[in-house]
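# Structure at a glance
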Amino acid sequence: MDVEIIYRQPDGRQTELGMRKLTHMPPAGEPFEMDNRQYVAKSFAGPDAQGRYRLFLEDEPGATRH
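The residue numbering used here restarts from 1 in each chain and proceeds along that chain's sequence as written. Per-residue local features are limited, in this predicted model, to residues with pLDDT of at least 70; the limit for side-chain atom pairs, both in listing and counting, is 80 or more; totals at the level of whole chains, interfaces and linings are taken over all residues. Computation of side-chain values: all heavy atoms of the structure, hydrogens and water removed.

## Thoughts on the pairing of strand β4 (residues 37–45)
Pairing analysis gives four bridges linking strand β3 (residues 31–34) to β4, with the strands arranged antiparallel. Note on β4: the bridge partner recorded for M34 is R37. Once β3 ends, the chain turns through two residues before running back antiparallel as β4, passing D35 with a positive phi of about 50°. In this sheet, strand β5 (residues 53–59) lies alongside β4 in antiparallel orientation, the contact comprising six bridges. Bridge pairing in β5 links V40 to E58. For two strands to count as paired, DSSP must find a minimum of two bridges between them. Going along the chain from the N terminus, every DSSP run of H or I of four or more residues is numbered as a helix, and every run of E of two or more is numbered as a strand.

Shown next, in the form of C-alpha cells:
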C-alpha cells in the first residue's frame, strides 16, 4: 500500500518523510525503522480518495535527536 510517512517532532512540528510502499500498516506503539533511524508508529489515517494512507511517527522513547 502507498503510505505518506510523517514525523511528529516533540515540539509539535511535522516533517514529511515521503511516500513509501508498505506491506502492512504498523500498529500504534510498534517500532518502525526508516532510513536507519528508529521511530514508533503513533497513528495512521486513510485511505484517502486515491487509496493512500498517512502514517504518523514519533521518536522512540528515550531516543535523542541531534
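## Some words on the nonpolar core
Residue types Ala, Val, Leu, Ile, Met, Phe, Trp, Tyr and Cys, when buried and joined through side-chain atoms within 4.5 Å, form a set referred to as a nonpolar core. Note on exposure labels: buried denotes an accessible area under 20% of the residue type's maximum, exposed denotes more than 50%, and partly exposed covers the range between, all computed with a 1.4 Å probe on protein chains only. Judged by nonpolar contacts, V3, I5, Y7, L22, M25, F32, M34, Y39, A41, L55 and L57 together constitute the single largest core of 11 residues. Elements with a contribution of two residues or more to this core: β1 (2–8), β3, β4 and β5. Sort the elements by how many residues they give to this core and β1 lands first, with three residues. Every residue pair with non-hydrogen atoms within 4.5 Å of one another is taken to be in contact. Non-local contacts of L55, meaning those with residues more than four positions away in its chain, are made with V3, E4, I5, I6, L22, M25, P26, F32, A41, S43 and F44.

Note that every value here comes from positions in space, so none of it alone points to a role or purpose.
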